[in-house]
Amino acid sequence: MTSEATDKSSFLYRLRHSMAHVMAQAVAELYNGVKLGFGPPTENGFYYDFDFGTEQIGPETLAKIEKQMRKILSQNEKFTREEFKTEQALQKASQMNQPYKEIQIKKLSGEGVELFSFYSNGKFTDLCEGPHVDSHKDLRSAAFCLDRISGAYWLGSEKNKMLTRIYALCYETEEELKSFLEQRKRAEERDHKKLGKELEIFTISETVGKGLVLWLPNGTVIREEIEKYAKEMEFRYGYHRVATPHITREELFIRSQHLPAYSESMFPPMTVEDEGGIKERFYLKPMNCPFHHLIYSSRPRSYRELPLRLAEYGTCYRFEQSGELSGLLRVRCMTMNDAHIYCPEEKLDEEIALLMTMYQEFYNTFGLKNYTYRLSIRGKANREKFKGSPDLWDRAEKILSDVLSSKNIPFYVGEGEAAFYGPKIDIQFKNLMGREETVSTIQVDFFAPVNFNLEYVSQTGEIKQPVIIHRAPLSTHERFVSFLIETYGGAFPIWMAPVQVKLIPVSDEVKEYVINLEKELKTASVRAESDFTDNTFNKKIRTAVTHKIPVCLIIGNKEASQNRVTVRRYGIKEQETLTKDDFVKQLKEEITERRCGISSFPA
RNA sequence: GCUGGUGUAGCUCAAUGGUAGAGCAAUUGAUUUGUAAUCAAUAGGUUGCGGGUUCGAAUCCCAUCACCAGCUCCA
């Protein structure tokens, strides 16, 4: 959220907060006996949670509520504040027949709050800490519209009743609201689900099942280019590649403690019967780690081979809740840029530092900028859920925080966001709709070495336990490609573009030259295609541009007669004509260096 | 999984109880073009699937599946 949107003293915050009360009042007037939940400001406006009882609320009621709000605003009431001690406050909430407010008062009272404020505007009163604007007059020039309606669990717990949440957009001026709506519309144009279909990157078939992605030829090029790059990078950083099965006997996940702790996110087991009639259960893997641990422990290890880095683009299966699935962002079958690093504890800081360098190298290549680092630690609450000695935790948390600081990497702390086996550094991306998603983590794990009895012989001949680092800088292909599509708006850098070069003949006379050039480019491993359709020249250009192909070669008699090509780059007006050989040389350089040039970011 | 919404040709959408239609894409023919849509013809649909109401259903009702937004979850 912007600072203005969260700053309680800002006018915008008070405006949105007050407007939420007006909405609650409108709803209360229209629906007798409605129960009120919470109604805070948000990044773009505000929402309010209501319990409508048995009443069905659809989008058509939004217009009705909005109309009522405007009627209320015309009454020009003042916002007034009154304070009550706990008992009186409870009594007041009870008189108003607002059970959720009673619960809230009791909860806050338990946390030591003794004085409760109620705000009134006209006949409407609501428990609220404020602050608000002075009167309706301050709200009149504001721009707002009711946006959408959805369910939301009371107190955010799925064990509680689901209330009806009404979201509204609200800004100080009409221009700001309009500009937000336009921005949202532009963002929707970059939606990876939309572009993924248009650019034929992936498809999902009901026949195969939801959350199970079919990668089309274009998408497969992108996947494989990413994978090739990751393998080169990991080779340079001293990783060894391994390969493991997609299924395993139940025993492995019992040992790793995924069963039963993680069983809700796993596909149900397959039961097979051997010749002796003994039944055995197999599971699809939700993670690669346990397999890698067994590779580590397949023979005794010496300190000399640590840190041992085992990498695999491993395909995992998770039975995500159906409502969670979304395009490539959240799927049930995913291929992870996974690796596990088995590291002596005293080398942990060095190894993490090396990882941060690698992450930044990766993200620079992709030109990614819209991410933030989160240091996820235990926090003060629920200490019992975090396994291992507190001493070890303290040290690990300090190491992570020190590495981030020493590399001048800005980060924020996520209290209670650690994994149960250790703290982590999460890389958070914001998607187009402003929603934050974890794209990647670096996790320190003290727990698995114990479960899997992982050991090494130290320099002094002692048996020691390594610490494990789980890391996946490039996330899963699925999630990472969804971010890339949205970041690039579908216009990929040349090195990973499905079609890198489109050859467009001006007329049939140059056909032979074009055919030969295409052959030459393909021989140089360039993904080149020629357009020999009956379409007009203009139409051919339009087609190439709408497919967001990074380079078009315009070839007419002028070019063919001089062994040249005219280069038209995506999103760039200026063209240049150069010799065929110069073009191929430049192009190859750009591809080999994986340049993330301006051509990929049209204005 | 929960709340609300949506589902019509490959894609984007029209048809609100009375003969399912348009543009783009596809196919065929003509056209060979110098920087974002040449012209014409053809083909394409048990309106997501299954029930029901009705003389008659894309349209109304029930159920189911999928998708979208949000909630919850996300080792």
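These numbers were taken from a predicted model, which means no experiment stands behind them.

Colleague: So what's going on with empty space enclosed by the protein? Residues and values would help.
Modeller: Tallied over the entire structure, the rule returns one cavity of 30 Å³ or more. Computed from the structure, the largest cavity encloses a volume of approximately 30 Å³. Tyr-237, Tyr-239, Arg-309, Glu-351, Leu-354, Leu-355 and Met-358 are the residues that line the largest cavity. The element contributing the most residues to the lining of the largest cavity is helix α11 (residues 348-366), with four residues. Among the residues making up the lining of the largest cavity, the classes are represented as five nonpolar, no polar and two charged.

Colleague: Talk me through the nonpolar core; I want residue IDs and the actual numbers.
Modeller: Counting residues in each nonpolar core, the largest one holds 86 residues, and the members touching the most others are Ile-352, Phe-366, Leu-521, Leu-553 and Phe-583. If you tally residues by element for this core, the top one is α11, at nine residues. Counting contributing residues per domain, this core is built from domain 2 (225-246 + 285-484) and domain 3 (501-600), each supplying no fewer than three. The residues touching Phe-583, leaving out its near neighbours within four places in the chain, are Val-501, Leu-521, Val-551, Leu-553, Val-565, Val-567 and Leu-578. Ranked by size, the runner-up nonpolar core spans 32 residues in total, among them Tyr-31, Phe-52, Ile-57 and Ile-72.

Colleague: Describe the sheet that holds strand β23 (residues 501-505), with residues and values.
Modeller: Strand order in this open sheet of five strands is β24-β23-β25-β26-β27, and the pairing throughout is mixed. Whereas interior strands pair on both sides, the edge strands pair on one side only; in this sheet they are β24 (528-530) and β27 (576-579). Neighbour-to-neighbour, the strand axes of this sheet turn through a mean angle of 30 degrees, independent of strand direction. Pairing of strand β25 (residues 551-555) with strand β26 (residues 564-569) involves four bridges; the strand directions are antiparallel. Each bridged residue has a counterpart across the sheet, and for Leu-553 the counterpart in β26 is Val-567. Running at roughly 170 degrees to β23, helix α16 (residues 537-546) makes contact with β23, β25 and β26 of the sheet. Where helix α18 (residues 580-592) meets the sheet, its contacts fall on β23, β25, β26 and β27, and the angle it forms with β27 comes to roughly 105 degrees.

Colleague: Just give me the short version of the domain arrangement of chain A, but keep the residues and values in it.
Modeller: Partitioning chain A into domains gives domain 1 (11-189), domain 2 (225-246 + 285-484) and domain 3 (501-600). Once you take the C-alpha centre of each, domain 1 and domain 2 turn out to be 41 Å apart.

Colleague: Any chance you could break down the side chain of Asp-49 for me, citing the residues and the numbers?
Modeller: Among the secondary structure elements, Asp-49 is positioned in strand β2 (residues 45-51). For Asp-49, a relative accessible area of 4% corresponds to the buried category. A distance of 2.7 Å separates the side chain of Asp-49 from the side chain of Arg-165, its partner in a polar contact. Leaving out residues up to four positions away in the same chain, Asp-49 has contacts with Lys-35, Leu-36, Gly-37, Phe-38, Ala-152, Leu-163, Thr-164 and Arg-165.

Criteria and cut-off values
Positions within a chain are numbered from 1, following the residues in the order the chain's sequence is written. Ligands are numbered from 1 and chains lettered from A, in the order in which they are written. In keeping with the predicted nature of the model, local features appear solely for residues at pLDDT of at least 70, side-chain atom pairs appear and are counted solely at 80 or more, and the whole-chain, interface and lining totals rest on all residues. The side-chain figures draw on all heavy atoms in the structure; neither hydrogens nor water molecules are used. Buriedness of a pocket was judged along seven lines, with at least five required to meet protein on both sides within 12 Å; pockets are open sets of points on a 1 Å grid over the protein atoms alone, cavities are sets where a 1.4 Å probe fits but cannot get out, and lining residues have an atom within 4 Å of a point. Grid points are joined across faces, edges and corners, and a volume is the space filled by probe spheres set on the points. Think of it this way: any DSSP run of H or I at least four residues long counts as a helix, any run of E at least two long counts as a strand, and we number them from the N terminus. Residues were grouped as follows: Ala, Val, Leu, Ile, Met, Phe, Trp, Tyr, Cys and Pro as nonpolar; Asp, Glu, Lys and Arg as charged; and all remaining residues, including Gly, as polar. Here, nonpolar core refers to any group of buried Ala, Val, Leu, Ile, Met, Phe, Trp, Tyr and Cys residues whose side-chain atoms link them within 4.5 Å. In this scheme, a residue with accessible area under 20% of its type's maximum is buried, one over 50% is exposed, and one in between is partly exposed, where area comes from a 1.4 Å probe on protein chains only. The source of the domain bounds is an automatic or database domain assignment. Every residue pair with non-hydrogen atoms within 4.5 Å of one another is taken to be in contact. DSSP-based pairing: two strands are paired if at least 2 bridges between them are found. A fitted line through C-alpha atoms serves as each axis, taken over the contacting stretch for helices, and the angle formed by two N-to-C directions is quoted from 0 to 180°. Think of a polar contact as two N or O atoms within 3.5 Å of one another; within protein, one of them needs to be a possible hydrogen donor and the other a possible acceptor, and neighboring residues in sequence only count if both atoms come from side chains.

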